Every structure is written in structure tokens, then in C-alpha cells.
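Understanding the architecture of this molecule
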Amino acid sequence: MTMLSHDCRVSMYRIIWESGEDSVQAFALESTRDSARLFFEAAIALIAGRPADDLDLCNLYSYRDLVDNGVSEDEDLRVFEVGSRGDVVTAWANKPLFLTTDPTLVG
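Turning our eyes to something else, we now look at the sheet that holds strand 2 (residues 23-29). The mixed open sheet is built from 4 strands, whose spatial order is 3-1-2-6. Since the sheet does not close on itself, it has two edges, and those belong to strand 3 (57-62) and strand 6 (96-98), each with one partner. Sheet twist, expressed as the average angle between the axes of neighbouring strands with direction ignored, equals 20°. Its contacts with the sheet place helix 2 (residues 33-48) against strand 1 (12-18), strand 2, strand 3 and strand 6, and it is angled at close to 40° to strand 1.

One pass over the full model with this rule turns up 4 salt bridges. Measuring nitrogen to oxygen at the nearest pair gives 3.7 Å for the salt bridge that ties Asp22 to Lys95. With Asp22 in the loop between strand 1 and strand 2 and Lys95 in the loop between strand 5 (88-92) and strand 6, this pair connects stretches of sequence that are 73 residues apart. Note that Arg33 and Asp65 form a salt bridge whose closest N and O atoms lie 2.7 Å from each other. Here the residue Arg33 occupies a position in helix 2, and Asp65 occupies one in helix 3 (residues 63-69), the gap between them amounting to 32 residues.

Each pair of aromatic rings is reported with the distance of its centres and the angle of its planes. Within this structure, the stated rule accounts for 4 aromatic pairs. Between the aromatic rings of Phe27 and Phe80, the centroid separation amounts to 5.3 Å while the plane-to-plane angle is 55°, which identifies the pairing as tilted. Taken together, the residues span a long stretch of sequence, with Phe27 in strand 2 and Phe80 in the loop between helix 3 and strand 4 (81-85) at a distance of 53 residues. According to the relative accessible area criterion, Phe27 is buried, its value standing at 0%. Ring geometry for Phe80 versus Phe98: centroids 6.4 Å apart, planes at 75°, classification edge-to-face. Of the two residues, Phe80 is situated in the loop between helix 3 and strand 4 and Phe98 in strand 6; the sequence distance between them amounts to 18 residues. For Phe98, a relative accessible area of 29% translates into the label partly exposed. A connected cluster of aromatic rings, assembled from ring pairs, spans Phe27, Phe80 and Phe98.

Looking now at unusual backbone geometry. Phi at Asn59 is positive, roughly 55°, even though this residue is not glycine. In this fold, Asn59 is placed in strand 3. Classification of Asn59 by relative accessible area gives partly exposed; the value is 40%.

Of all hydrophobic cores here, the largest spans 15 residues; its most connected members are Ile15, Phe40 and Ile44. If you tally residues by element for this core, the top one is helix 2, at 5 residues. Those residues within four positions of Phe40 in sequence are excluded, and the remaining contacts are Tyr13, Arg14, Ile15, Ala26, Phe27, Ala28, Ala45, Leu57, Leu60 and Leu99. In terms of nonpolar packing, the next biggest core, distinct from the first, is built from 10 residues, Met12, Phe27, Leu66 and Val67 among them.

What counts, and where the lines are drawn
Residues numbered from 1 in each chain as written. Predicted model: local features only at pLDDT ≥ 70, side-chain atom pairs only at ≥ 80, totals over all residues. Heavy atoms only, no water. Pairing = 2+ DSSP bridges. Helix = DSSP H or I, 4+ residues; strand = E, 2+ residues; numbered from the N terminus. Axes fitted to C-alpha atoms, helices over the stretch in contact; angles between N-to-C directions. Contact = heavy atoms within 4.5 Å. Salt bridge = Lys/Arg side-chain N within 4 Å of Asp/Glu carboxyl O. Phe/Tyr/Trp six-rings, centres within 6.5 Å; stacked < 30°, edge-to-face > 60°. Buried < 20%, exposed > 50% of the residue type's maximum accessible area, 1.4 Å probe, protein only. Core = buried A, V, L, I, M, F, W, Y, C linked by side-chain atoms within 4.5 Å.

Below, the structure is given as C-alpha cells:
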């Protein structure tokens, strides 16, 4: 069973970055959805070497959103689902980018 920290459960967000060749699933801990969006735009713009306005960022979801909409038996693993059909996961995060120092997100 996966066990994420209380901080992850309260303040984790995930966004999808369509990087051209593939999708990258970025994770960060922020206090609000708006602050998460601003953080992802700034951080990914630095990584990509492009202005935030040129990035293709979509599907910003909180931990709670991901758990409520996921299908895995292990609720904490639901944050890594990127596709499902019925109650079967069809795709998992294959290029996660962890923009946090919380070791429980990747432990």
C-alpha cells in the first residue's frame, strides 16, 4: 500500500505538460490551485527555456480531484493514473516530474 504524507494529501497538485514529443506529469505542493498554476508555469518555463505563454499545460488537478476520479484500489496511487476505462487503469504517469522536496511523494 502506498502512503503519501499529510502534506501531499492536503496540498499536492498535478499538471500535464505537453512537451511536443510526449506528456510530462508534473507534481508540486502548493497552498491553492492558483498558486499551483503560477508555480508550474514559472518552473516549467525555466526547464523548457521558453516563456510560460508558449507552454502547453493542461489538466491541473489537486490530490483530492485525482483520488475522487481515479480507479486504483490504492487511493494514493491514483495520483499517477493518466488514463482509465471503467474500473481499469489504462495508462500511468510515465514521465513524472517532481517539483518538491517531500520525499514521501517518490518514496
